[in-house]
Amino acid sequence: MRFPFRALVALIMLGFFTLAAWGAAVAPPVRIGVLAWQGLEEAEIRWSSLMNQLEERLAGRRIELRHFDLAGMAAALRAGELDFVVTNPGHYVFLEAENGVSRIATLVADASTDPAHVVGSAVVVLDERRDITALADLKGRTLAAVSADAFGGYQVMWAELRRLGLDPERGQPRPVLTGFPMSKVVEAVLNGDADAGVLRACLLERLEQEGALRPGQLRVLSPRAGMSPCRVSSRLYPGWAFAAAQPTSPALSRDVLVALLSLSPDAAGQSWSVPADYHPVHELLQELQIGPYAFLRETAWPSLWERYWPWVCGLVVMLLAWGAYTLHVEHLVQRRTRELTQAMEARQRLEAQVHEGQQQMDHLSRLSILGELSGTLAHELNQPLAAIGNYARSLLRRQDSGRLEPTALRQAAEEIASESERAAGVLGGIRAFARKRDRVREAHDPAALVREASRLFAGMLQGVPGVMFRQGDEVAGLQVWVDPLQVQQVLLNLFKNAWDAQQAVGCDLPIEVSLSRDGERCSVAVRDYGPGLPPELQARLFEAFFTTKPEGLGLGLSICKTIIEAHGGGIAAAAADPGPGLAIRFTLPLVDGAASVSRESS
Amino acid sequence: MTASPDMPMIHVVDDEAPFRRSLLFLLESVGWQAAGHESAEAFLAAAPAFPAAGGCIVLDIRMPRLSGLELQRRLLAAGSMFPVIFMTGHGDVELAVQAMKDGALDFLQKPFKDQLFLDAVERAVQVSVERHAAQRRQDEALEVLTRLSAREREVARLLALGLANKEVARLLGISDNTVHVHRQHVMDKTGTGSAADLARLILRADPEGLD
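Residues numbered from 1 in each chain as written. Chains lettered and ligands numbered in written order. Predicted model: local features only at pLDDT ≥ 70, side-chain atom pairs only at ≥ 80, totals over all residues.

As annotated in an unreviewed UniProt entry, chain B carries the name Response regulator transcription factor and is attributed to Zoogloea dura.

Going by what an unreviewed UniProt entry lists, chain A is known as histidine kinase and is assigned to Zoogloea dura. Annotation of chain A in UniProt includes, under Catalytic activity (unreviewed entry), the sentence "ATP + protein L-histidine = ADP + protein N-phospho-L-histidine." (UniProt positions renumbered as here; feature names shortened; annotations may be inferred.)

Structural data, given as structure tokens:
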């Protein structure tokens, strides 16, 4: 019986071990990553007992413990190399946001501790530093801390200082980073390398307990009464988190959680509790703009670029398009302005040319009138010259014959003088008439102009029938705004035409001129008793080169029209009433208010 | 200068007063008696009072209203013996030609030399004087002839034509003796001694009296 029993036992044992070995070989290890914030060795020491206990409680599932720094752990999670992570509250919040880990337990100091209020900081100074009594006194001092990444060792305190209006980032106080372990901070404060130091909550109590520090040697600034058994200068936050990676199965998570909660406190009195609310940690990190909220401080162009580049590109394209459009419009405006300026200059040049041309035409027309009258003008000059000659010869003859009497001498001399003046007057008139001149506008009595023209006409031509002048009462005292010489020119032209027309029928009635008022104008009519003109020719009378005279140029009346229109008046021909004959009527502007003023000022 | 009825008078008709006065002054310088008229009408109005001593008219061809040419025509029609000198302007050649055809003595184109003018006046006055002399002779011949009876005038005309007494008697149907008596009376009354003298007398009285 013994053999079969022993053999059976051996068989069973063999099977068990084989199964166990097989089972161990088949079930994959539980991969746990821990944050080695104080160095690999420290972490190994700290967490090895936990892992051993866990392994015991997980029915033989092997546990693979790996140590990471902050960035390394995130990278391993992304690579799917971890089932669980154990890390500080700040880092947990970061991983939760970035890698989707979810907490299953929170580390507490002992079983009675509220898991939401575990991690805090104490700022310590040498007790004899009486100049530093509160956190607010740290302004302008130095503050020792282990690392900028340490949650309880720096970030918690950083947030507290900010709430007081201090900012270690701006050197108020200036941080002195000592590196791990945290005892270096204590040393820095003790030997005066820093004015103050940040310690994790309860470290000071532990060091005093261990005898490393004399109680009272270091003083905690702005101690807060509350939930912590230790002296703290800050609020309290949840403790370290035990979190499952996203792919980890709920069953495994539950197994691990059960195992964790069943563990007894470790040597430091720490144990795992139900997961705490990490929202305050979120708020803290957000406030400090670190961890998952680091992007807040990175007004960082690259990240903004990554998020908004299509918008930015679109905006840039629109800006470019808008700029190009603006440039284009500006260019168009400039070009158009240039074109307008050129057009206006061209127009001004043209107007000047027209003005000059008109003056030349006026001048030519006056010359042509002079030409037509040249025979009689010669007569006009010859008469006084001949008279002068006669007197001079007579005087010589009388003297030669010794019959020169003083009275005769006086008579001759007086006649010579007056005749020479007359000749000079004729010449002066011709010169004034033929001279080129600028545009003139003056106020004149129209009746005086007509009389002057009549006088000139009678003086220039002999045997003319004379001019009969009639003037309505409403014209008395009116003044016209004209160039007197040009109006005279028009009148002389009309007189000459009238005379020619009357000569053609052998009529020697006087030419009739009448003045009347026509609204804001003065109307002048010149009427002859010639053969008249059929209506179809009356309209063409003022065309250039139209003439009814065999030797006529056909310019006289067209120039009259130009002159009258340049004065702002009109000219027209009509059958005389009663006939026979032709009446030519033209209008001249009356002196208005503005013209009167300029006349008075001149 | 007072007008002398024995001296020829130079009439200047020109509407151009200063020039007209200068011509008068010139004429008086060489001793002529001259009068100015400002128009043809003024001249005609003054003409009846002119002395018979003759003279000439210096006439501007162009004047208002009554022109120089027209005045000349009227003077001719009225039997004036005044020679006419026309003054013309430049370009009045056609008018001047017409004036000469109408019996003008001369024409001067303005402006003219004083000597030319005075020479023309001189000639015109001579013509005038000759015309006056001729007129006087005619008047005398007419006066002589008016002394004859109608029959005597008939006989005188035939004798002046050179007919013999017998031919005259036959033509008139009277006797030779009667013709002889008439002839004696004619010769006595006219103071002529021959038929030739008688012919000259008749022609003096009437240039066409022997046709």
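Now that the structure has been shown, the text picks up again.
1. A short note on the overall build of chain B
Per the secondary structure count, chain B includes nine helices and five strands. Seen in sequence order, chain B has helices and strands lined up from the N terminus as β-α-β-α-β-α-β-α-β-α-α-α-α-α. The 211 residues of chain B split such that 35% are buried. (Helix = DSSP H or I, 4+ residues; strand = E, 2+ residues; numbered from the N terminus. Buried ≥ 20, exposed ≤ 12 C-beta atoms within 10 Å, placed from the backbone.)

2. What to know about unusual backbone geometry
Most peptide bonds are trans, and most residues other than glycine sit at a negative phi. Residue and element names in this part refer to chain A. Note the cis peptide between Asp 577 and Pro 578, where omega equals 5 degrees. Phi angles above zero are rare outside glycine, and Cys 202 is one such case at about 80 degrees. Its identity as a non-glycine residue notwithstanding, Ser 222 has a phi of 45 degrees, on the positive side. When you line up the elements, Ser 222 lands in the loop between β9 (218-220) and β10 (241-244). With 17 C-beta atoms packed within 10 Å, Ser 222 lands in the partly exposed category.

3. Concerning the sheet that holds strand β6 (residues 142-145) of chain A
All names here are of chain A. Spatial strand order, β7-β6-β8-β5-β9: five strands in an open sheet with mixed pairing. Across the chains shown, the open sheet's two edge strands, defined by having one partner strand only, are β7 (174-177) and β9. Direction aside, neighbouring strands of the sheet carry axes that sit 35 degrees apart on average. Relative to strand β8 (residues 196-200), β6 runs parallel, the two sharing two bridges. Looking across to β8, one finds that Ala 144 is bridged to Gly 197. Seen against the sheet, helix α5 (residues 151-163) touches β5 (121-126), β6 and β8 and runs at an angle of roughly 120 degrees to β8. In this fold helix α7 (residues 203-210) packs onto β5, β8 and β9, with an angle of close to 90 degrees to the strand it touches most, β8. (Pairing = 2+ DSSP bridges. Axes fitted to C-alpha atoms, helices over the stretch in contact; angles between N-to-C directions. Contact = placed C-beta atoms within 7 Å.)

4. Observations concerning the UniProt feature "modified residue: 4-aspartylphosphate" (unreviewed entry) in chain B
Residue and element names in this part refer to chain B. As annotated by UniProt and renumbered to match this structure, "modified residue: 4-aspartylphosphate" (unreviewed entry) occupies Asp 60. With 23 C-beta atoms counted inside 10 Å, the residue Asp 60 sits in the buried group. When sequence neighbours within four positions are dropped, the list of residues in contact with Asp 60 reads Val 13, Asp 14, Asp 15, Gly 68 and Met 87.

5. Observations concerning the sheet that holds strand β2 (residues 33-37) of chain B
All names here are of chain B. Taken together, the five strands give an open sheet; going across it, the order is β2-β1-β3-β4-β5, and neighbouring strands pair in parallel fashion. Pairing within the sheet leaves two strands with one partner each, and these edge strands are β2 and β5 (106-109). With strand direction ignored, the average angle separating the axes of adjacent strands in the sheet is 20 degrees. Taken together, the five bridges between strand β1 (residues 9-13) and strand β3 (residues 55-60) define a ladder with parallel strand orientation. When the sheet's bridge partners are listed, Ile 10 is paired in β3 with Cys 56. Helix α1 (residues 17-29) contacts β1, β2 and β3 of the sheet and is inclined by roughly 175 degrees relative to β2.

6. Considering the environment of Gly 569 of chain A
Mapping Gly 569 of chain A onto the fold places it in the loop between α17 (556-566) and β17 (571-575). Excluding residues that lie within four positions of it along the chain, Gly 569 of chain A makes contacts with Arg 521, Ile 564, Phe 586, Thr 587, Leu 588 and Pro 589 of chain A.

7. Quick notes on the packing of helix α5 (residues 114-145) of chain B against helix α9 (residues 195-205) of chain B
Residues and elements named next belong to chain B. α9 packs onto α5 with a crossing angle of 115 degrees between their chain directions and a minimal axis gap of 7 Å. Of the two possible hands of crossing, α5 and α9 adopt the one that is left-handed. Between α5 and α9, the residues in contact are Arg 137, Gln 138, Ala 141, Leu 142, Val 144 and Leu 145 and Leu 201, Ile 202, Arg 204 and Ala 205, respectively. (Left-handed = near helix turned anticlockwise from the far one by under 90°.)

8. So, the pairing of β7 of chain A
All names here are of chain A. Relative to β7, β6 runs parallel, the two sharing four bridges. What sits directly across from Leu 143, in β7, is Pro 175. With α5 bridging β6 and the parallel β7, this β-α-β connection has right-handed handedness. (Right-handed = clockwise from strand over helix to strand, strands pointing away.)

9. Quick look at the interface of chain A and chain B
Each side of the interface is counted separately: chain A has 20 residues, and chain B has 18 residues. Of all the secondary-structure elements, those providing two or more residues to the side of chain A that touches chain B are α12 (374-400) and α13 (406-434) of chain A. It is α12 of chain A that contributes the most residues to the side of chain A that touches chain B, 15 residues altogether. Looking at the side of chain A that touches chain B residue by residue, the classes come out as seven nonpolar, eight polar and five charged. (Nonpolar A, V, L, I, M, F, W, Y, C, P; charged D, E, K, R; others polar.)

10. What to know about the nonpolar core
In this structure, Val 85, Val 185, Val 189, Ala 196 and Ala 243 of chain A are the most contacted members of the largest nonpolar core, which totals 81 residues. When residues in this core are grouped by element, the largest group, seven residues, is from α5 of chain A. Setting aside chain neighbours within four positions, we find Val 185 of chain A in contact with Ala 144, Ala 145, Val 146, Thr 178, Gly 197, Val 198 and Leu 199 of chain A. Ala 387 and Ile 416 of chain A together with Val 13 and Ile 61 of chain B belong to the second largest nonpolar core, which has 42 residues in total. (Core = buried A, V, L, I, M, F, W, Y, C linked by C-beta atoms within 7 Å.)

11. A short note on helix α3 (residues 70-78) of chain A
For an α-helix, the turn length of 3.6 residues means that residues three or four places apart are oriented alike. Residues and elements named next belong to chain A. Those residues of α3 not exposed but buried are Met 73, Ala 74 and Leu 77. Seen along its axis, α3 keeps its buried residues to an arc of 100 degrees; they face one direction. Opposite the buried face of α3, by more than 90 degrees, sit the exposed residues Ala 71 and Arg 78. Structurally, α3 contributes buried residues whose contacts are with β1 (30-35), β2 (63-68), β3 (84-87) and α4 (89-99). At the C-terminal side of α3, Gly 80 shows a positive phi close to 70 degrees. (Arc of directions from axis to C-beta.)

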